[in-house]
Each structure stands twice: as C-alpha cells, then as structure tokens.
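Survey of secondary and tertiary structure
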Amino acid sequence: MTTTDVPAARIRTFHPRRGRMSDRQRDALTRLWPAYGLEIAALDGPCDPAALFGRRAPLVLEIGSGMGDATAAMAAADPSRHYLAVEVHTPGIANLLELVERHRLDNVRVAEGDALDLVRAMPEGCLDAVHVYFPDPWPKTRHHKRRIIQPAHVALLRSRLAPGGTLHCATDWAEYAESMRVTLTADPELVDVHGGYAPRPAHRPVTKFERRAVTAGREVFDLIHRRR
C-alpha cells in the first residue's frame, strides 16, 4: 500500500444500493454470479486479472457500470479486450449478468463492492483503460471529499494503468467536470489527449441516464487522459 492509498481508503465514494429485483434479475444473479461475479470484500490477497478471466488480454476497468447496458455494448464491440465492471446496485449487477448470458460475452466479469479496494488489490500497470462514466457528483461542498476523481484516487488509478493506457471520465455535472479537468491535468504522469474536454467518443454508448441528462438540458463532458 502506498501513502496515497491510505486516505482514499477511509472515505466511501458511493452509496450502497440494493433495490428491488425482478424475478428475471434474481434468477440471473443466482445462476450466473458464481461464473462471472467477484465479491470485492471477500478478496484476501492480490487480484489476478488473468486468473479471473482464465486467460490474458488487455483489461478495461468500468467503475460504476449502472444497469450494464453500456458495458455490454462496449464488450460486444471490443472482443479482444476484457471488461471488468464494478457496481454496488444489485439490480444493475443482475441486469449486466443477464446481458452477458444473452450476448455470450465471455470477456466480461462483474465485481460488487468498492472499486478502489479492488484497484488496490490489482498489480500496477495491469489495466489498458479505466472508465469512470457519470460517477456520483456529490454536489454539496461538504461531500466533495467523497468524489472518486480527486488527486489520491487518480494517482491510484493511474498507477494501475499500463504506459499508454487511458483514464476516461464523463459527467453531466459542469462543476464536477471542471474539478475533474483540473485534477487530471495536475497529475504529472497523465497526458491530456485532447487538451481539454474531449469530443464525445463513438465507443462510449449513449445510456438512458445520458439521454435524460441531455433532455434536461445538461451538457455532457468527456475527459480522456493517457498514462505516460
């Protein structure tokens, strides 16, 4: 554990979320979790991505996969890379598992729990990309310390990226977008690929959440930084 890991471990960056599940989702969770799931709190040592997938391939970490539609779409379009999705919303986990089965996505695994704890258990340089799409903006000033994109967390995420790997963030919260931009730009080992906000990349699917944001008149901001 590095010195930057210690403060990041003490403050939770997410709301635990259970929610009601349909019978279909409950069935998917029961049947598919043993094959595709990872309980982060149960880790008692390092997390070996190759062991998790049964083979080696470039790995994308999805932090906060929601209902899983975007993750499933990206994994289906990008079969040469593995996708490890982290979520705390039980119905979302179950829905993604169902999509994995429906589309026969053998390059997806789903983790439940604190994404930062999972990242700490991973070896340095093991990730090809990290996606942080529409994280909780924690809008109240007293809660900003809970935001996932802040210096200590970014240093941790960047350390797990391979050289040339990308950290891609997206938000519809303008103030948080600017905070993200300042934080990411300040990391000396990250390069701003677009010199500011990025054009919306074609590989990031439009989700229901994003459509609602646009309908409500909120702009969506993408930031893409690459590890040196």
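Residues numbered from 1 in each chain as written. Predicted model: local features only at pLDDT ≥ 70, side-chain atom pairs only at ≥ 80, totals over all residues. Heavy atoms only, no water.

Comments concerning the overall build of the chain
When its secondary structure is counted, the chain shows 9 helices and 8 strands. Burial statistics for the chain: of 228 residues in total, 49% are counted as buried. Of all intrachain contacts in the chain linking residues separated by at least 6 positions in sequence, the fraction that spans at least 24 positions is 81%. A total of about 11200 Å² of accessible surface is found on the chain, and carbon and sulfur atoms cover 53% of it. Between the mean site of the 32 positive side-chain charges and the mean site of the 28 negative ones, the chain shows a separation of 3 Å. (Helix = DSSP H or I, 4+ residues; strand = E, 2+ residues; numbered from the N terminus. Buried < 20%, exposed > 50% of the residue type's maximum accessible area, 1.4 Å probe, protein only. Contact = heavy atoms within 4.5 Å. Areas by Shrake-Rupley, 256 points an atom, 1.4 Å probe, with all protein chains shown as cover. Lys, Arg positive; Asp, Glu negative; His and termini not counted. Charge placed at Lys NZ, Arg CZ, Asp CG, Glu CD.)

A few points about the nonpolar core
Of all hydrophobic cores here, the largest spans 32 residues; its most connected members are Leu61, Leu118, Val130, Ile149 and Leu167. Among the secondary structure elements, those contributing two or more residues to this core are β2 (59–63), β3 (82–87), α6 (115–120), β5 (127–133), α7 (151–160), β6 (161–171) and α8 (174–186). Considering every element that reaches this core, the biggest residue donor is α6, with 4 residues. Setting aside its immediate chain neighbours within four residues, Leu61 contacts Leu84, Val86, Leu118, Val119, Leu127, Ala129, Val130 and His131. (Core = buried A, V, L, I, M, F, W, Y, C linked by side-chain atoms within 4.5 Å.)

Focus: the confidence of the model for the chain
Scored by pLDDT, the chain has a mean of 92; 92% of the residues are at 70 or more. Long-range and interchain partners of residues 1–9, a stretch whose pLDDT sits below 50, account for 10 contacts in this model, where long-range means more than four residues apart. (pLDDT = per-residue confidence, 0-100.)

A short note on the pattern of salt bridges
By the definition in use, this model includes 16 salt bridges. The residue Glu101 makes a salt bridge to Arg31 at a minimum N-O spacing of 2.8 Å. Placement of Glu101 in helix α5 (residues 90–102) and of Arg31 in helix α2 (residues 23–36) is noted, with a sequence separation of 70 residues between them. The exposure class assigned to Glu101 is partly exposed, which follows from its relative accessible area of 35%. Classification of Arg31 as partly exposed rests on a relative accessible area of 40%. Taken together, the shared-partner salt bridges connect Arg200, Arg204, Glu210 and Asp222 into one network. (Salt bridge = Lys/Arg side-chain N within 4 Å of Asp/Glu carboxyl O.)

Some thoughts on the side chain of Asp114
Positionally, Asp114 belongs in the loop between β4 (108–112) and α6. Summary of buried charges: Asp114 has no salt-bridge partner, and the nearest side chain of opposite charge, Arg120, is 5.2 Å away. Here the side chain of Asp114 touches Leu116 through a polar contact of 2.9 Å, landing on its backbone nitrogen. (Polar contact = N/O pair within 3.5 Å; in protein donor to acceptor, adjacent residues only side chain to side chain.)

Notes on the packing of aromatic side chains
One pass over the structure, following the stated rule, counts 2 aromatic pairs. Plain terms: the ring middles of Phe134 and Phe209 are 5.3 Å apart, the flat faces sit at 55 degrees to each other, and that makes the pair tilted. Separated by 75 residues along the polypeptide, Phe134 in the loop between β5 and α7 and Phe209 in helix α9 (residues 208–215) bring together distant segments of the chain. Owing to a relative accessible area of 16%, Phe134 belongs among the buried residues under this scheme. (Phe/Tyr/Trp six-rings, centres within 6.5 Å; stacked < 30°, edge-to-face > 60°.)

So, unusual backbone geometry
We note that Arg104 has phi near 55 degrees; this positive angle belongs to a residue other than glycine. Of note, Arg104 is situated in the loop between α5 and β4. Arg104 gets classed as exposed once you look at its relative accessible area, which sits at 76%. For Phe134, which is not glycine, the phi dihedral falls at a positive 55 degrees.

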